[in-house]
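Coordinate analysis (summary)
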Amino acid sequence: MNDSPVELACYVAGIKVTSSKTLVVRSPYDAAVAGVVGLAGREQTELAIQSALRSRESLNRFERSSILERARQRLEERREEFARLITSESGLCLRETRYEVGRALDVLRFATMEALRDDGEIFSCDISPQGKARKIFTFREPLSCVVAITPFNHPLNQVAHKVAPAIAAGSPMILKPSEKTPLTALRFAELLYDAGLPGPMLSVLLGPTAEVAEPLVRDSRVELVTFTGSVAVGKRIAETAGYKRLVLELGGNDPLIVLADADLDLAVHLAAEGSYRNSGQRCTAVKRILVQENVADEFAQRLAKKTEGYPCGNPMDEATRVGTVIDEPAAIYLETVLQEALAAGAKLLIGGERKGALFEPTVIQNVPRNVRMVTCESFGPLAPIINVKDLDDAITVANSTPYGLSSGVVTNSLDEAIKAVKQLRCGTVNVNEVPGYRIESSPFGGIKESGLGIKEGVVEAIKSMTTVKTFSLPW
Ligand code: NAP
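The rules we used
- Residues numbered from 1 in each chain as written.
- Predicted model: local features only at pLDDT ≥ 70, side-chain atom pairs only at ≥ 80, totals over all residues.
- Heavy atoms only, no water.
- Near = heavy atom within 4 Å.
- Polar contact = N/O pair within 3.5 Å; in protein donor to acceptor, adjacent residues only side chain to side chain.
- Areas by Shrake-Rupley, 256 points an atom, 1.4 Å probe, with all protein chains shown as cover.
- 1 Å grid on protein atoms, 1.4 Å probe; cavity = no way out; pocket = protein on both sides within 12 Å on 5 of 7 lines; lining within 4 Å.
- Sits in = over half its atoms within 2 Å of the grid points.
- Helix = DSSP H or I, 4+ residues; strand = E, 2+ residues; numbered from the N terminus.
- Nonpolar A, V, L, I, M, F, W, Y, C, P; charged D, E, K, R; others polar.
- Expected span 1.5 Å × (residues − 1).
- Buried < 20%, exposed > 50% of the residue type's maximum accessible area, 1.4 Å probe, protein only.
- Points joined across faces, edges and corners; volume = space filled by probe spheres on them.
- Domains from an automatic or database assignment.
- Contact = heavy atoms within 4.5 Å.
- Phe/Tyr/Trp six-rings, centres within 6.5 Å; stacked < 30°, edge-to-face > 60°.
- Lys NZ or Arg CZ within 6 Å of the ring centre and 35° of its normal.

Around the ligand, 29 residues are found, and the nearest of them are Lys176, Glu179, Ser230, Leu250 and Glu377. Here glutamate 377 contributes a side-chain N or O atom positioned 2.6 Å from an oxygen atom of the ligand. Within the complex, 87% of the 920 Å² of free accessible area of the ligand lies under protein. With respect to the pocket detection grid, the ligand is positioned in the largest pocket. Put simply, the parts of the chain that give the shell around the ligand at least two residues each are α7 (213–218), β11 (224–228) and α8 (231–240). It is α8 that contributes the most residues to the shell around the ligand, 3 residues altogether. Per-class residue counts for the shell around the ligand are 13 nonpolar, 10 polar and 6 charged.

Now the structure itself:
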């Protein structure tokens, strides 16, 4: 890595925390120091909660929207710096991290617009025999203290998806980013303060789980915990949070279903992009490719050929399309589930080599339905192909795991597409697109073990960070 390490600190209500305890963040590619972060502890956690609750920043809609717009402009000016910072701490290649910054710009753009939108409704009451000459009005009030906990795989965009809606809603937030990729989150917080965000509207804390994350989750003064991450941690949060609102965006095991009538070029393109983008570390990455058996061989050969166009290597290299996964143990896990699948009868067509945290894009054919690679979430650039008889069979396989985040179906038949939309048990069905397709303001989120069905996306996140109040007047 060729960028110099950054030195950053946590923030309580916009004030830098000085600390002797530090976290050194290293590149997963070559262990170069990407940055050093001063950590917080229990005392700062308590102070952050108190400052959020004391915060009486009654910014009006125009002020909130203006802060978000200024933040977007500043991020636009610093696009490359942020992309390189994400790459230095995550090992994601520059092609991906530049894309991620573009997505975060969209989050800010849409939140800027949503901050201005009126969120009230009016109900006339004289509409039934029981009615009266009154009107009921609704409006949304911000929550007084929101805790956001984010994962490593999109160090900027996951954070933007929590913080920007909170600013638009006017809800003070305490952010606990991933310890694996904290640098981008802290830089982004600085950018927001710089854009005029009052300190009490945002604290950013990193530190031991028992001193920061867990006390935040348990605290009864916190009104909402919005969490994105693994099923295991999500369930632990659900057990310990007590009586408070929860938004849980958890893991996925998304299928891409390819039917015999599909445009195979499109199907191969979607399978490769869905499996390999972001080093395969997207909650909505393609994690199982369910191909109708009479086209499965041809599809597999074409996907293997396509995979040659995804060079894996130094994430800072412009030619690289797949950087590292988050660390070496994550790459070793991929190697292990690959060996298990091969031992169970699957065939390796291309890839499969690991070097440190680098794992090559890998196509595996004839994958049995019961191996760990496809029953559990594999967070890496694996493209496991499972043969299916027809759409009914594909839907049975697709619905057979505990996850229910998203899905993609490649077909030219409207009837089959509609059947898939109706019968797949998950939060999203994208026809002739990857499961991960969305825009930053559309509703997003899963069911079953992928989440509680409460959506995110800028519009829905603002709703989750506010409560509806009604009042009525004689009219
Ligand atoms: P993770 O291990 O669950 O960690 C996520 C966050 O939770 C981190 O900030 C982590 O902090 C924190 N955490 C750990 N233990 C905690 C506890 N006891 N209480 C409260 N917080 C705790 O997930 P990850 O490995 O970073 O991310 C990958 C996972 O996220 C995958 O399963 C992926 O599918 C999922 N994901 C889901 C979505 C979605 O929208 N559905 C989007 C992206 C990713 P530390 O870093 O300090 O451990």
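Moving on from the model shown.
So, on to helix α5 (residues 157–169). Within an α-helix, residues lying three or four positions from one another point in the same direction, as the helix has 3.6 residues per turn. Between its first and last C-alpha, α5 extends 18 Å over 13 residues, near the 18 Å set by a 1.5 Å rise per residue. In terms of residue burial, α5 counts as a mostly covered element, since 13 of its 13 residues are buried. The first or second residue beyond α5 is glycine 170, which carries a positive phi of 85°.

Of the voids in this model, the largest pocket is the one considered here, and its volume is about 980 Å³. Lining the largest pocket are 40 residues, and of these Pro151, Phe227, Gly229, Ser230 and Val233 sit closest to its centre. For the lining of the largest pocket, the leading source of residues is α8, giving 6 residues. Split by residue class, the lining of the largest pocket holds 20 nonpolar, 12 polar and 8 charged. The residue makeup of the lining of the largest pocket includes at least three contributed by each of domain 1 (6–250 + 452–474) and domain 2 (254–439). Computed from the structure, the second largest pocket encloses a volume of approximately 470 Å³. Mapped onto the lining of the second largest pocket, the elements with two or more residues apiece are α2 (61–77), α4 (94–116), β7 (134–142), α5 and α15 (458–464). Looking at which element gives the most residues to the lining of the second largest pocket, the answer is α15, with 3 residues. Taken together, the residues that form the lining of the second largest pocket break down as 11 nonpolar, 5 polar and 10 charged.

A separate point is the side chain of threonine 112. Its place among the elements puts threonine 112 in helix α4. There is a polar contact of 2.6 Å between the side chain of threonine 112 and the backbone oxygen of leucine 108. With residues up to four places along the chain from it excluded, the contact list for threonine 112 reads Ser65, Leu68 and Glu69.

This part covers the packing of aromatic side chains. Under the criterion given, the structure shown has 6 aromatic pairs. Each member of the aromatic cluster is reached from another via a ring pair, and the members are Phe137, Phe139, Phe471 and Trp475. The ring of tyrosine 99 has arginine 277 sitting right over it, with the charged end atom 4.8 Å from the ring centre.

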